[in-house]
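Residue-level listing of the chains:
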Amino acid sequence: QYGRERLVDLGHRSVSLPHGLRTGLPSFPAVGRVSREPVRETTEQVKEVLERELKWDVDEQFALPDLGDIAGGDVEHTTVHLDTVYYDTADGDLQSHGLLLRRRDGGDDTGWQLKVPDDDGRVEIRSTLTDTPPAELTDLLTGVRLGKPLVQVATIRTVRDRYRITEPKRQRLWAEVADDHVRASTDHRLLAWREIEVELGPGAPSLPPGLVDRFADAGAQPARFPSKLARLSHAQRTRRPGRTSAG
C-alpha cells in the first residue's frame, strides 16, 4: 500500500512478469526484477507499487506491543473496513503462479489490484474501481490462465486496526502495522481469524529495530500462508468431502 509508487504505460510496461503472463506479449522483457527507471505519464495508466511486508499469525488473545516504545516515533492509529473479492480461474491458475487478482472497497487503495511476485517483495498493479475485472489487468493474465474465464472465488472482509509509525529523524512513514480481524466466505462456508501485517514505508530501508523480536516475544508466529486467499484456499482443500480436516 505504501510502496514505491509510479505511473505505468501498459503498452510499454517495465515490470517483469512470470513466464505465463508473457505468453502472447512478446514486447515484455524477460523475467527478472522490476525496473526502477522513471516512467512516462500517458493516457492509459495504472499505478504500480512495490510492497515489502511481513505477516504473523496471532490469536484473539494476542496483545499488540507498544509500537511507540519500539520505534521511538509517532504512531497514528485508525480503523478501516475492507471488503475484498478475489478472482481466479476455476482451476486456480493464478494462485498456482503466485498471482492475486482482487477488487477492494475501503481504505486508501480502493480499486482493482493485481499482485505479482518480485525479488524485493511483491509488485501491486492497481486500476480504478469498476464492476468487472478491467481489461488492462485481465489481458495481462491471458497466458497464465490459458484463456480460461476469471470467476469470483472468495470474499474476505477485514476490520483493520492500522498503526502508522513515523520515522522520528526524517518525519516520513517508517512502517504500517495492520492488526487484521478477518471474516471470509467460500463455498457457502464462513471462516474467521486474526493476523498481523507489517509493511515498510516507501523510503524505509528496514523495519524499526526490535520490532520482530517484540512481536515474537508477545506470541506472534511467522505466517503459514503468504496471503489471506492462500489461507482460505488451504482450508477449502482440507475440508472437501473424502478428506480429513487438518489439526
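Residues numbered from 1 in each chain as written. Predicted model: local features only at pLDDT ≥ 70, side-chain atom pairs only at ≥ 80, totals over all residues. Heavy atoms only, no water.

Draft legend 1. Layout of the pattern of salt bridges. Within this structure, the stated rule accounts for 26 salt bridges. Between K55 and E195 there is a salt bridge, and its shortest N-O distance comes to 2.7 Å. Taken together, the residues span a long stretch of sequence, with K55 in strand 3 (residues 53-58) and E195 in strand 10 (residues 189-200) at a distance of 140 residues. Given a relative accessible area of 4%, E195 falls into the buried group. E197 is the salt-bridge partner of R160, the closest N and O atoms lying 3.4 Å from each other. Linking R160 in strand 8 (residues 151-167) with E197 in strand 10, this pair joins segments that are 37 residues apart in sequence. Connected via shared salt-bridge partners are E51, E53, R102, K115, R122, E124 and R126. (Salt bridge = Lys/Arg side-chain N within 4 Å of Asp/Glu carboxyl O. Helix = DSSP H or I, 4+ residues; strand = E, 2+ residues; numbered from the N terminus. Buried < 20%, exposed > 50% of the residue type's maximum accessible area, 1.4 Å probe, protein only.)

Draft legend 2. Fine view of empty space enclosed by the protein. On inspection of all chains with the given rule, the structure shows three cavities of 30 Å³ or more. Here the largest cavity is characterised by a volume of approximately 230 Å³. If you go around the largest cavity, you meet 21 residues; those closest to its centre are E53, R102, K115, R160 and E197. When contributions to the lining of the largest cavity are tallied by element, the ones reaching two or more residues are strand 3, strand 5 (100-105), strand 7 (121-127), strand 9 (172-186) and strand 10. The residue makeup of the lining of the largest cavity, split by class, is five nonpolar, two polar and 14 charged. Taken as a whole, the second largest cavity encloses approximately 40 Å³ of empty space. Lining the second largest cavity are K55, W56, D57, E195, A223, F225, S227 and R231. With three residues, strand 3 is the single largest residue contributor to the lining of the second largest cavity. Looking at the lining of the second largest cavity residue by residue, the classes come out as three nonpolar, one polar and four charged. (1 Å grid on protein atoms, 1.4 Å probe; cavity = no way out; pocket = protein on both sides within 12 Å on 5 of 7 lines; lining within 4 Å. Points joined across faces, edges and corners; volume = space filled by probe spheres on them. Nonpolar A, V, L, I, M, F, W, Y, C, P; charged D, E, K, R; others polar.)

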